[in-house]
Amino acid sequence: MTWTAAVAGATGYAGGEVLRLLAAHPEIEIGAVTANSSAGARLGQIHPHLPELAMREVEPTEAGRLAEHDIVILALPHGASGRVTAAIEDAARSSGRSPILLDCGADHRLTSAAAWEHYYGGPFAEPWAYGMPELLHAGETSPTAQRAALSAATRIAVPGCNVTAVTLAAQPGAAAGLIDTSSLTAVLAVGYSGAGKSLKPHLTAAEALGSAQAYAVGGTHRHIPEIVQNLQVAGLPAGTTRLSFTPVLVPMSRGILATVIAPLTALALGADDPQARLRETWIDAYGSGGDGEALIDVLPEGAWPTTGSVLGSGLAHVQVAVDAAAGVATMMCAIDNLGKGTASAAIQSLNLALGLPETTGVIMSGVAP
Ligand SMILES: NC(=O)C1=CN([C@@H]2O[C@H](COP(=O)(O)OP(=O)(O)OC[C@H]3O[C@@H](n4cnc5c(N)ncnc54)[C@H](OP(=O)(O)O)[C@@H]3O)[C@@H](O)[C@H]2O)C=CC1
Ligand SMILES: CC(=O)N[C@@H](CCC(=O)OP(=O)(O)O)C(=O)O
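Owing to the predicted nature of the structure, the values given are computational and were not obtained by experimental measurement.

Caption draft 1: Highlighting the site of ligand 1. As a structural note, the neighbourhood of ligand 1 is formed by 30 residues, with Gly12, Ala14, Ala35, Gly105 and Gly196 the closest of them. Of all the secondary-structure elements, those providing two or more residues to the shell around ligand 1 are helix H1 (13-23) and helix H13 (339-354). With three residues, the single largest contributor to the shell around ligand 1 is H1. Here the shell around ligand 1 is built from residues that sort into eleven nonpolar, 18 polar and one charged. When residues of the shell around ligand 1 are assigned to domains, at least three map to each of domain 1 (3-158 + 340-354) and domain 2 (162-336).

Caption draft 2: Summary view of the sheet that holds strand E13 (residues 316-323). The seven strands are arranged E9-E10-E8-E11-E14-E13-E12 in an open sheet whose pairing can be described as mixed. Where the open sheet ends on each side, the last strands, each with one partner, are strand E9 (213-214) and strand E12 (296-298). With six bridges connecting them, strand E8 (residues 184-190) and strand E11 (residues 256-263) associate as antiparallel partners. Bridge pairing in E11 links Ala189 to Leu257. Contacts between helix H11 (residues 274-286) and the sheet are confined to E12, E13 and strand E14 (328-335), with E13 contributing the most and set at about 160° to the helix.

Caption draft 3: Geometry of the site of ligand 2. The immediate surroundings of ligand 2 are formed by His78, Gly105, Ala106, Gly160, Cys161, Asn162, Val190, Gly194, Ala195, His223, Pro247 and Leu249. Mapped onto the shell around ligand 2, the elements with two or more residues apiece are helix H7 (161-176) and strand E10 (243-249). Looking at the shell around ligand 2, its residues break down into six nonpolar, six polar and no charged. Counting contributing residues, the shell around ligand 2 receives three or more from each of domain 1 (3-158 + 340-354) and domain 2 (162-336).

Caption draft 4: Quick look at the domain arrangement of the protein. Each domain of the protein was delimited in the assignment, giving domain 1 (3-158 + 340-354) and domain 2 (162-336). Averaged C-alpha coordinates put domain 1 and domain 2 at centres separated by 24 Å. Taken together, the contact between domain 1 and domain 2 spans 25 residues of the former and 28 residues of the latter. Elements with a contribution of two residues or more to the side of domain 1 that touches domain 2: helix H5 (113-119) and H13. Tallying contributions element by element places H13 first for the side of domain 1 that touches domain 2, with five residues. In the side of domain 1 that touches domain 2, the residues fall into eleven nonpolar, ten polar and four charged.

Caption draft 5: View of the sheet that holds strand E7 (residues 155-157). Strand order across the open sheet formed by seven strands is E3-E2-E1-E4-E5-E7-E6, with parallel pairing between neighbours. What marks the edges here is a single partner per strand, and that holds for strand E3 (59-60) and strand E6 (129-130). Sheet strands touched by H1: strand E1 (3-8), strand E2 (28-35) and strand E4 (71-74). Its angle to E2, the strand with the most contacts, is close to 160°.

Caption draft 6: Focus on the environment of Ala165. Relative to the helices and strands, Ala165 resides in helix H7. As a C-alpha pair, Ala165 and Ile296 span 131 residues in sequence and 11 Å in three-dimensional space.

Caption draft 7: Layout of the packing of H1 against H13. Between H1 and H13, the least distance of the axes is 8 Å, while the angle of their chain directions is 45°. By the angle between their directions, the pair H1 and H13 is classed as oblique. The element H1 and its partner H13 pack so that their crossing is right-handed. Residue-level inspection shows Ala14, Glu17, Val18 and Leu21 of H1 in contact with H13, the latter providing Thr342, Ala343, Ser344, Ala346 and Ile347. Partitioned by chemical class, the residues of the contact of H1 with H13 number six nonpolar, two polar and one charged.

Caption draft 8: Geometry of the confidence of the model for the protein. Residues of the protein with pLDDT of at least 70 account for 99%, and the chain-wide mean is 96. This prediction of the complex comes with two scores: 0.97 for pTM and 0.98 for ipTM.

Caption draft 9: Local environment of the UniProt feature "domain: Semialdehyde dehydrogenase NAD-binding" (unreviewed entry) in the protein. The sites that carry the UniProt feature "domain: Semialdehyde dehydrogenase NAD-binding" (unreviewed entry) are, in the present numbering, residues 4-142. Summarising residues 4-142: 30% helix, 18% strand, and an end-to-end C-alpha distance of 33 Å.

Caption draft 10: Spotlight on the nonpolar core. Counting residues in each nonpolar core, the largest one holds 107 residues, and the members touching the most others are Ile73, Ala169 and Ala258. Here this core gets ten residues from one element, more than from any other, and that element is H7. If you count residues domain by domain, this core takes at least three from each of domain 1 (3-158 + 340-354) and domain 2 (162-336). Beyond its immediate stretch of four places on either side in the chain, Ala169 contacts Ala258, Val260, Val318, Met331, Met332 and Cys333.

Caption draft 11: Up close: the pairing of E8. The two faces of E8 differ: Leu184, Ala186, Leu188 and Val190 on one face are buried, but Thr185, Val187 and Ala189 on the other face are not. Where E8 meets E10, seven bridges bridge the pair, whose relative direction is parallel. Among the inter-strand pairings, Leu184 is bridged to a residue of E10, identified as Leu243.

Caption draft 12: Expanded view of the UniProt feature "active site" (unreviewed entry) in the protein. UniProt marks Cys161 with the feature "active site" (unreviewed entry), using the numbering shown here. For Cys161, the location among the structural elements is in helix H7. Here Cys161 falls in the buried class, since 28 other C-beta atoms lie within 10 Å of it.

What counts and what doesn't
Residue numbering note: each chain is counted from 1, following its sequence as written. To read the labels, note that chains go from A and ligands from 1, taken in the order they are written. Local features in a predicted model are, by the rule used here, given only for residues with pLDDT of at least 70; side-chain atom pairs are given and counted only at 80 or more, and totals for whole chains, interfaces and linings are based on all residues. Should the C-beta atom of a residue, placed from the backbone, lie within 6 Å of a molecule or strand, that residue is near it. Helix and strand assignments follow DSSP, with helices taken as H or I runs no shorter than four residues and strands as E runs no shorter than two, numbered in order from the N terminus. Each residue is assigned to one of three groups, with Ala, Val, Leu, Ile, Met, Phe, Trp, Tyr, Cys and Pro labelled nonpolar, Asp, Glu, Lys and Arg labelled charged, and all others, Gly among them, labelled polar. Annotation comment: domain bounds sourced from an automatic or database domain assignment. Strands were regarded as paired on the criterion that DSSP finds at least two bridges between them. Remark: residues whose backbone-derived C-beta atoms lie within 7 Å of one another are considered to be in contact. To get an axis, a line is fitted to the C-alpha atoms, and for a helix only the part in contact is used. The angle between two axes follows their N-to-C directions and goes from 0 to 180 degrees. Put simply, angles under 35 degrees are roughly parallel, angles over 145 are roughly antiparallel, angles from 65 to 115 are roughly perpendicular, and the rest are oblique. Each crossing is labelled by how the near helix is turned from the far one, with a counterclockwise turn of less than a right angle marking it left-handed and a clockwise turn marking it right-handed. As a per-residue measure, pLDDT tells how confident the predictor is, with possible values from 0 to 100. UniProt positions are given in the numbering used here, feature names are shortened, and annotations may be inferred rather than shown by experiment. Here, a nonpolar core denotes buried Ala, Val, Leu, Ile, Met, Phe, Trp, Tyr and Cys residues that are linked to one another through C-beta atoms within 7 Å. To sort residues by burial, count the other C-beta atoms lying within 10 Å of each one's C-beta; a count of 20 or more means buried, 12 or fewer means exposed, and anything in between means partly exposed. C-beta atoms are built from the backbone.

In structure tokens:
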């Protein structure tokens with residue numbers, strides 16, 4: 001069976017990566033590609049790396065048109081997608097259709113209206129099934145429940161890219177009670193494409209090349225509540241997770257390298273060999289060397305994740321080490337922000353919702369060097 005998929009925000013970075021994966025997806029046909037200021041342009045003017053779609057005309061983003069498809073993937077600025085998803089639902093109801101909707105923006109991710117108000121503002125949209133199949137739930141040593149939720153979903157909120165990197169780095173330890181999640185520190189090296197394609201002074205080559213710049217420092221980044229939400233799903237009482245989060249832009253187009261530090265708990269410190277205990281826990285969650293999760297790999301001991309190894313792919317590379325002198329765990333994850341951080345997570349979750357093999361159309365190897 002072939003499904004049709006429309007992509008809204010098709011001229012942006014996230015929309016472009018979604019289109020790159022959909023173009024190679026054997027079961028999906030690309031329908032309308034829509035945007036805002038670039039409506040009327042040919043896609044080839046905007047995404048020359050997608051020659052198979054070059055002659056497609058970019059349409060305005062209209063709910064009725066989007067609702068004609070089996071699947072609608074939105075890659076719009078937050079706030080805009082909440083409005084558009086509500087309008088698509090209205091249009092679909094009145095035409096008797098029921099498309100599967102995926103939102104790559106933040107609008108349907110948070111379960112707390114107060115957190116939305118604090119970090120984003122504007123109307124709170126209902127939370128949708130969270131598009132991270134590997135999210136650990138309470139009591140799980142390897143992910144199952146989130147896959148079941150996504151298999152039954154018709155509305156999917158694709159996670160934030162920084163959120164994905166931090167969650168995948170730390171959640172095995174949180175779920176197993178091996179790290180103290182009341183004292184998490186995350187510092188991330190992030191690539192520029194995470195900021196989208198619109199021009200901002202600090203994103204120009206003059207400011208960015210040869211320079212590293214921190215932003216959203218001091219507990220202000222809007223991904224904090226989403227990470228906390230994820231790590232609470234992994235079995236912690238609400239209100240106990242505390243995260244210091246600092247992203248640093250570094251001169252690369254794509255990629256996130258998250259380093260997360262947390263004190264070891266008495267459970268971890270009391271293990272005969274804390275390093276072996278942590279490693280075993282992370283490998284139980286994800287697998288290593290090709291066993292276990294198809295897209296997440298715990299690297300061999302002593303090897304550290306690099307953004308270069310996952311570039312252009314849906315992969316996440318993870319590592320954990322005990323820093324015995326400091327009494328902490330150092331947890332790392334590298335992803336491509338547009339791969340596992342957005343488009344691959346969207347396609348992976350969509351495949352589950354369609355009953356297809358989860359990695360259909362997902363790119364499983366990186367580009368090196
Ligand atoms: N970049 C990344 O790494 C990631 C992005 N995301 C999320 O994906 C979404 C898109 O991000 P990104 O691709 O980076 O952003 P871009 O700025 O690159 O693209 C935004 C897209 O949305 C369209 N658009 C803007 N405003 C409207 C509107 N009011 N109505 C309809 N279309 C509109 C733009 O159209 P036009 O060009 O015609 O103006 C463009 O196609 C955001 O919510 C972002 O947070 C999530 C994870 C990672
Ligand atoms: C470099 C940069 O600015 N990156 C963005 C992350 C993009 C993303 O994941 O955005 P959403 O959560 O809105 O989908 C940021 O840190 O806010």
